[in-house]
Each structure stands twice: as C-alpha cells, then as structure tokens.
Amino acid sequence: KSVELIPKGTYICEESAQALREADLIIFAPGSVYTSTISALLPEGVKTCLKETGAKKMYIMNVMTQWGETSGRGLDNNLHIFKSSDFISIIQEYSGVDFDFIICNNQKPSQAVLKIYEEVGSYFVETDFQDTGILKSNQKIFLENLISEKSEKVRLARHDLEKLRECLVRRL
C-alpha cells in the first residue's frame, strides 16, 4: 500500500532543489503515476522543497488509465479503475502539497478508441471531484476538451498539444 525507494539515502540533487525553490510554477505532467510521477517525488528533500517553494503547483490529469498502475485487478480479483480523485489524492499524498490548479480533460474519446484501450486494460479517466469532496476551496479545476485521437500509425487518445497550450495560456 505504499511506494518507497530502496536503498534509502537517495537525495534530490542541489540543482533540482534550487530549481524547485526558485520556480514560479511547478507542473506535474500526465504519465505513469507510480513509475514516473511518484518515483520522482521519493528522493529525500523533494517533499521539503515542494512545501517550501512559493511556486504554484499544477497537475495535468491523465486522459486514460494504465493497466497495472491505475487500472487492474486487485487481490480480490475485482477490477479497480482510478478516477480523477484517485490521481489527485495519491500524488498529493506523496508530494506533500496540494495542487493550486488541476487541468482535466472532459471529452471522452470515441467508442472505437475506447475499445482499443479496453483491450489492454486501460480506461477513460472519469471526473468525480464533485462526488468525493477531495478538492479544497482554494483549488481550481479546469475541465476542457484537451484530447486528440490523431496518430500516424494508430488511433490513440492523447493530450492535443495545441489545445493544452491554449488552455494554459488562457488559465495562467
């Protein structure tokens, strides 16, 4: 029920610590929650820097879950699928800070694309902020259509870089 670095004694490098302390905005990008985002938060000193910086913190929510990380079968053999509140709570827990801004896609991919993802155990990240009460009054959430299903080889649901850029420019 927890993630840790072994062996202990891994520390944030001074250049990274300084960058976090001097930042105006820290963006937690979409990606593999446990093997990318949380693993980057585990070295000693990262949480302290995130707590001490005056930077605003933003999280860009994943569009789809990832089998074995944010969707999968538990020991009870039931299917577990992360929703938006699960992403927020786990990353805020490991970072030690609350996000100031959360950007979340609200456009479901086409049924054809959803079917492709479901075949490999991935699912659309449903927003459930309203139902869970996880957001604090000072946290701002922006729900927008941010996806593109375009790809040269296969139809994938990904953040559309232009839509995301426009959202960031408008919101910041």
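See the structure above.
So, a few notes on the structure that sits alongside this text. (Residues numbered from 1 in each chain as written. Predicted model: local features only at pLDDT ≥ 70, side-chain atom pairs only at ≥ 80, totals over all residues. Heavy atoms only, no water.)

1. Points about a nonpolar patch on the surface
The condition that has to hold: Patch definition: residues with relative accessible area over 30% and no salt bridge; like charges joined within 9 Å; nonpolar side chains (Val, Leu, Ile, Met, Phe, Trp, Tyr) joined within 5 Å. Note on areas: these come from Shrake-Rupley sampling with a 1.4 Å probe, and a residue is covered only by the protein chains present in the view. Salt bridge, as used here: a side-chain nitrogen of Lys or Arg that lies within 4 Å of a carboxyl oxygen of Asp or Glu. The way it works is that DSSP assigns letters per residue, a run of H or I at least four long becomes a helix, a run of E at least two long becomes a strand, and they are numbered from the N terminus. Only protein chains enter the accessibility calculation, which uses a 1.4 Å probe; a residue whose area is less than 20% of its type maximum is buried, one above 50% is exposed, and one in between is partly exposed.
Among the surface-exposed residues, Trp 67, Leu 79 and Ile 81 lie close enough to one another that they form a single nonpolar patch of about 250 Å² accessible area. Looking at the secondary structure, you find Ile 81 in strand E4 (residues 79-81). You can call Ile 81 partly exposed: its relative accessible area is 32%.

2. Let's talk about the nonpolar core
Just so we agree on the cut-off: Throughout, nonpolar core names a set of buried Ala, Val, Leu, Ile, Met, Phe, Trp, Tyr and Cys residues whose side chains join them through atoms within 4.5 Å. Working rule for contacts: check all heavy atoms of both residues, and any pair within 4.5 Å makes them a contact.
If you look at the biggest cluster of nonpolar residues, it comprises 26 residues, and the most contacted ones within it are Phe 28, Leu 50, Tyr 59, Met 61 and Ile 91. Broken down by secondary-structure element, the contributors of at least two residues to this core are helix H1 (14-22), strand E1 (25-28), helix H2 (33-41), helix H3 (46-52), helix H4 (84-95) and strand E5 (101-105). Looking at this core element by element, the count peaks at five residues for H4. Beyond its immediate chain neighbours, meaning those up to four positions away, Leu 50 contacts Leu 20, Ile 26, Phe 28, Leu 41, Lys 57, Ser 95 and Val 97. Counting nine residues, the second-largest nonpolar core is a separate cluster that includes Met 58, Phe 101, Ile 103 and Leu 168.

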